[in-house]
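Structure assessment
Chain residues, written in single-letter form:
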Amino acid sequence: YHVYSHYSIQEAFCHIDDLVARAKELNFKNLCLTDKHSLSGCPEFVRECEASDIKPILGCDFRLPTEHYVTLLAQNQDGWYNLVNILGQSKIEEGVECIEIEDILNFADNLVCIIGGEESLLSKFAGDGDLTDLERLKNQFGDKFFLSMEHEYGYDTVDNLSQVLSCNRFSLIE
């Protein structure tokens, strides 16, 4: 679900036409774009996907003031508008754009929330054991809230992870 294009400055170099061409080679029916704190590539992404008979899924990795990320995916047109509204709430803190959790919670309708990866709130929890933000997101998104466990980050060595999974309040994507 973390698919970055060249619109994710200093994160990826892949151009959207190349992403879509590769997805077509692999017979993907759907393809998601989740650039970091940017929706700039979405119009090009939609055009390329539609021309290749691939369903585009639009999303974004939003940076929080804690320097952790939350991935949001639009379920439909209203979800797209909510992504745009959330991005419009951006603030500059210490020279970096970020979004407050409250802004995400205020525009949660028609969005799916995925937490995972080395820069996510899940890694924050692993470091300090604080479930507050994860709980707030879970309560707002309900069954549209998922944890993503990425093997390359060695999540099985995280001591506090068993606390998250044992509480049976979170759905897991592996």
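Below: a short report on this structure.

What counts, and at which threshold
- Residues numbered from 1 in each chain as written.
- Predicted model: local features only at pLDDT ≥ 70, side-chain atom pairs only at ≥ 80, totals over all residues.
- Heavy atoms only, no water.
- Salt bridge = Lys/Arg side-chain N within 4 Å of Asp/Glu carboxyl O.
- Helix = DSSP H or I, 4+ residues; strand = E, 2+ residues; numbered from the N terminus.
- Buried < 20%, exposed > 50% of the residue type's maximum accessible area, 1.4 Å probe, protein only.
- Arc of directions from axis to C-beta.
- 1 Å grid on protein atoms, 1.4 Å probe; cavity = no way out; pocket = protein on both sides within 12 Å on 5 of 7 lines; lining within 4 Å.
- Points joined across faces, edges and corners; volume = space filled by probe spheres on them.
- Nonpolar A, V, L, I, M, F, W, Y, C, P; charged D, E, K, R; others polar.
- Core = buried A, V, L, I, M, F, W, Y, C linked by side-chain atoms within 4.5 Å.
- Contact = heavy atoms within 4.5 Å.
- Axes fitted to C-alpha atoms, helices over the stretch in contact; angles between N-to-C directions.
- Parallel < 35°, antiparallel > 145°, perpendicular 65-115°, else oblique.
- Left-handed = near helix turned anticlockwise from the far one by under 90°.
- Pairing = 2+ DSSP bridges.
- Polar contact = N/O pair within 3.5 Å; in protein donor to acceptor, adjacent residues only side chain to side chain.

1. As for the pattern of salt bridges
- Counted under the stated rule, the structure contains 4 salt bridges.
- With its nearest N and O atoms 3.3 Å apart, the salt bridge here joins Asp103 to Lys91. Linking Asp103 in helix 4 (residues 101–106) with Lys91 in strand 4 (residues 91–93), this pair joins segments that are 12 residues apart in sequence.
- Under the relative-accessibility criterion, Asp103 is labelled buried at 10%.
- In this structure, Glu102 engages Arg136 in a salt bridge whose closest nitrogen and oxygen atoms are separated by 2.9 Å. With Glu102 in helix 4 and Arg136 in helix 6 (residues 132–141), the pair connects residues that are 34 residues apart, well separated along the chain.

2. Side note on helix 1 (residues 16–25)
- Of all the positions in helix 1, only Ile16, Leu19, Val20 and Ala23 are classed as buried. Buried residues along helix 1 cover an arc of 90° about the axis, so they all sit on one side.
- Once helix 1 finishes, Asn27 follows within two positions and takes phi at roughly 60°, a positive value.

3. Topic: the layout of surface pockets
- The space that makes up the largest pocket amounts to roughly 250 Å³.
- Residue lining of the largest pocket: Lys55, Pro56, Ile57, Leu58, Leu73, Ala74, Gln75, Asn76, Gln77, Trp80 and Val112, and that is the complete set.
- Elements with a minimum of two residues in the lining of the largest pocket: strand 2 (55–63), strand 3 (69–74) and helix 3 (77–88).
- At 4 residues, the largest contribution of residues to the lining of the largest pocket is made by strand 2.
- By residue class, the composition of the lining of the largest pocket is 7 nonpolar, 3 polar and 1 charged.

4. Some details on the nonpolar core
- By size, the foremost hydrophobic cluster in this structure holds 35 residues, and its most contacted members are Leu72, Ile104, Leu137 and Phe141.
- The element that contributes the greatest number of residues to this core is helix 1, accounting for 4 residues.
- Residue contacts for Phe141: discarding those within four places in its chain leaves Leu72, Ile104, Ala108, Leu111, Val112 and Cys113.

5. Describing the environment of Phe45
- In this fold, Phe45 is placed in helix 2 (residues 42–51).
- Put simply, Phe45 and Ile16 are 29 residues apart on the chain and 6.1 Å apart in space, counted from C-alpha to C-alpha.
- Beyond its immediate stretch of four places on either side in the chain, Phe45 contacts Ile16, Val20, Leu31, Cys32, Leu33, Pro56, Ile57 and Leu58.

6. Let's talk about the packing of helix 1 against helix 2
- For the pair helix 1 and helix 2, the least separation of the axes is 9 Å and the interaxial angle reads 30°. As summarised for this structure, helix 1 and helix 2 are arranged roughly parallel, according to the angle between their axes. Crossing angle aside, the handedness with which helix 1 passes helix 2 is right-handed. Contact with helix 1, carried on its side by Ile16, Asp17 and Val20, involves Glu44, Phe45, Glu48 and Cys49 of helix 2 and no other residues of that element.
- Taken together, the residues of the contact of helix 1 with helix 2 break down into 4 nonpolar, no polar and 3 charged.

7. Things to note about the pairing of strand 6 (residues 111–116)
- For strand 6, a buried count of 6 out of 6 residues is recorded, marking the element as mostly surrounded by other parts of the structure.
- Burial along strand 6 is two-sided: the residues Leu111, Cys113 and Ile115 and Val112, Ile114 and Gly116 are all buried.
- Two strands pair when backbone bridges link them, and strand 3 and strand 6 are joined in this way by 4 bridges, in the antiparallel orientation. Looking across to strand 6, one finds that Ala74 is bridged to Leu111.
- Looking at chain direction, strand 6 and strand 7 (residues 145–148) are connected through 4 bridges and run parallel.

8. Looking at the side chain of His68
- As for its placement among the helices and strands, His68 is situated in the loop between strand 2 and strand 3.
- Judged by relative accessible area, His68 falls into the buried class, the value being 16%.
- For His68, the side chain forms a polar contact with the main-chain oxygen of Thr66, separated by 3.0 Å.

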